[in-house]
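Geometric and topological summary
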Amino acid sequence: MSLGLALNTNLAVDLGMNDEQVTELLYQALETEQGGVKVYQTALRGAVNGELKQEWGQYLEETRNHERIMLELLDELGLDPAVETPGRQVVRHKGQSLVKAMELALAGGKPEAAQLVAAECVVEAETKDHQNWELIGLVAQKLKGQEAKALKAAHGQVEEQEDEHLYHTMGWARELWIES
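Values in this document were obtained by computation on a predicted structure and should not be read as measured data. (Residues numbered from 1 in each chain as written. Predicted model: local features only at pLDDT ≥ 70, side-chain atom pairs only at ≥ 80, totals over all residues. Heavy atoms only, no water.)

1. Concerning the confidence of the model for the chain
Spelled out, the test is: pLDDT expresses, on a scale from 0 to 100, how confident the predictor is about each individual residue. Residue contacts are defined here by distance: any two heavy atoms, one from each residue, within 4.5 Å place the two residues in contact.
On average, residues of the chain carry a pLDDT of 92, and 91% of them reach 70 or more. Across residues 4-15 the pLDDT falls below 50, and counting only partners more than four positions away or on other chains, this stretch makes 19 contacts in the model.

Shown next as structure tokens:
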């Protein structure tokens, strides 16, 4: 599958990129954002600390927006957001596993422990998400034309928020461990 006009086989070879792998990255990025919504919805059920709950609520809304941005990006690049790939299935499975882990912790009846598990699960989800956006930014730097412009625009809207989601939640997880 080609990414449209500029990212054809010749251009991908000239830039040292694999067109199929770039497409896979974009599909996985969409799946990561979709799974991220579910991760945050579940994490919020386990949040005990009011500040953390407020922060995760903001991140949930931003993640919903990131999903919208990815859908628009795929559309602009002529990619079908419903396409299933093996990598996308793996990303979905990992996201579902994080949700299941948080549900197990919630069922354990210890709110502080469930909150800590939720923080760790958010860190794991955001690590993949952060990596996706870093890679999208690198691809955008190598491309030219409309595809580069579209990737750069999407990256510019999301990258700073992804940094905050990952690094703030890592800090929360650390502090929750210390507190416990």
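2. Brief notes about the environment of Glu-103
This is how it is decided: Helix numbering and strand numbering both begin at the N terminus, where a helix is a DSSP run of H or I of at least 4 residues and a strand a DSSP run of E of at least 2.
Note that Glu-103 resides in helix α4 (residues 86-107). With 49 residues separating them in the primary sequence, Glu-103 and Gln-54 have C-alpha atoms 20 Å apart. Not counting the four nearest positions on each side in its chain, Glu-103 is found in contact with Thr-42 and Arg-45.

3. As for the pattern of salt bridges
Two side chains bearing opposite charge may form a pair once their charged atoms approach each other closely. For clarity, the cut-off: Take a side-chain nitrogen of Lys or Arg and a carboxyl oxygen of Asp or Glu: if they are within 4 Å of each other, that pair is a salt bridge. Think of it in three bands: residues with accessible area under 20% of the maximum for their type are buried, residues over 50% are exposed, and the middle band is partly exposed, with areas taken using a 1.4 Å probe on protein chains only.
The final tally for this structure, using the stated rule, is six salt bridges. With a shortest N-O distance of 3.0 Å, Arg-92 and Glu-31 are connected by a salt bridge. Remark: Glu-31 occurs in helix α2 (residues 19-46) and Arg-92 occurs in helix α4; sequence separation between them is 61 residues. Judged by its relative accessible area of 27%, Arg-92 is partly exposed. Owing to a relative accessible area of 6%, Glu-31 belongs among the buried residues under this scheme. Salt-bridge contacts for Glu-61 lead to Arg-64; the nearest nitrogen and oxygen are separated by 2.5 Å. Of the two residues, Glu-61 and Arg-64 are both situated in helix α3 (residues 50-76); the distance of three residues between them amounts to about one turn of the helix. Via salt bridges that share partners, Glu-31, Glu-84, Arg-88 and Arg-92 belong to a single interconnected network.

4. Some words on the environment of Ala-101
Positionally, Ala-101 belongs in helix α4. Distance from Ala-101 to Gln-58, taken between C-alpha atoms, is 22 Å for residues 43 residues apart in sequence. Contact partners of Ala-101, with chain neighbours within four places excluded, come to Val-117 and Cys-121.

5. Regarding the packing of aromatic side chains
For clarity, the threshold we go by: To pair, rings of Phe, Tyr and Trp, with the six-membered ring standing in for Trp, must have centres within 6.5 Å; the planes then decide the type, stacked if under 30 degrees apart, edge-to-face if over 60, and tilted in the middle.
What the rule picks out here adds up to one aromatic pair. Pairing Tyr-40 with Tyr-59 gives two aromatic rings, centres 6.1 Å apart and planes at 70 degrees, and the pair type is edge-to-face. Here the residue Tyr-40 occupies a position in helix α2, and Tyr-59 occupies one in helix α3, the gap between them amounting to 19 residues. Tyr-59 carries the same exposure label as Tyr-40, and that label is buried.

6. Some details on the packing of helix α5 (residues 111-142) against helix α6 (residues 145-179)
Each pair of packed helices can be described by the angle between their axes along with the distance between the axes. For clarity, the cut-off: The axes used here are C-alpha line fits, helices contributing only the stretch in contact, and every angle between their N-to-C directions lies in the interval 0 to 180 degrees. An angle below 35 degrees is treated as roughly parallel, one above 145 as roughly antiparallel, one from 65 to 115 as roughly perpendicular, and anything else as oblique. The hand of a helix crossing depends on one turn: near helix anticlockwise from the far one by less than a right angle means left-handed, and clockwise means right-handed. Residues are grouped as follows: Ala, Val, Leu, Ile, Met, Phe, Trp, Tyr, Cys and Pro are nonpolar; Asp, Glu, Lys and Arg are charged; all remaining types, including Gly, are polar.
In contact at an axis separation of 8 Å, α5 and α6 are set at 155 degrees when each is read in the N-to-C sense. It follows from the interaxial angle that α5 and α6 lie roughly antiparallel. Crossing angle aside, the handedness with which α5 passes α6 is left-handed. Within the contact of α5 with α6, the residues separate by chemical class into 18 nonpolar, eight polar and eight charged.

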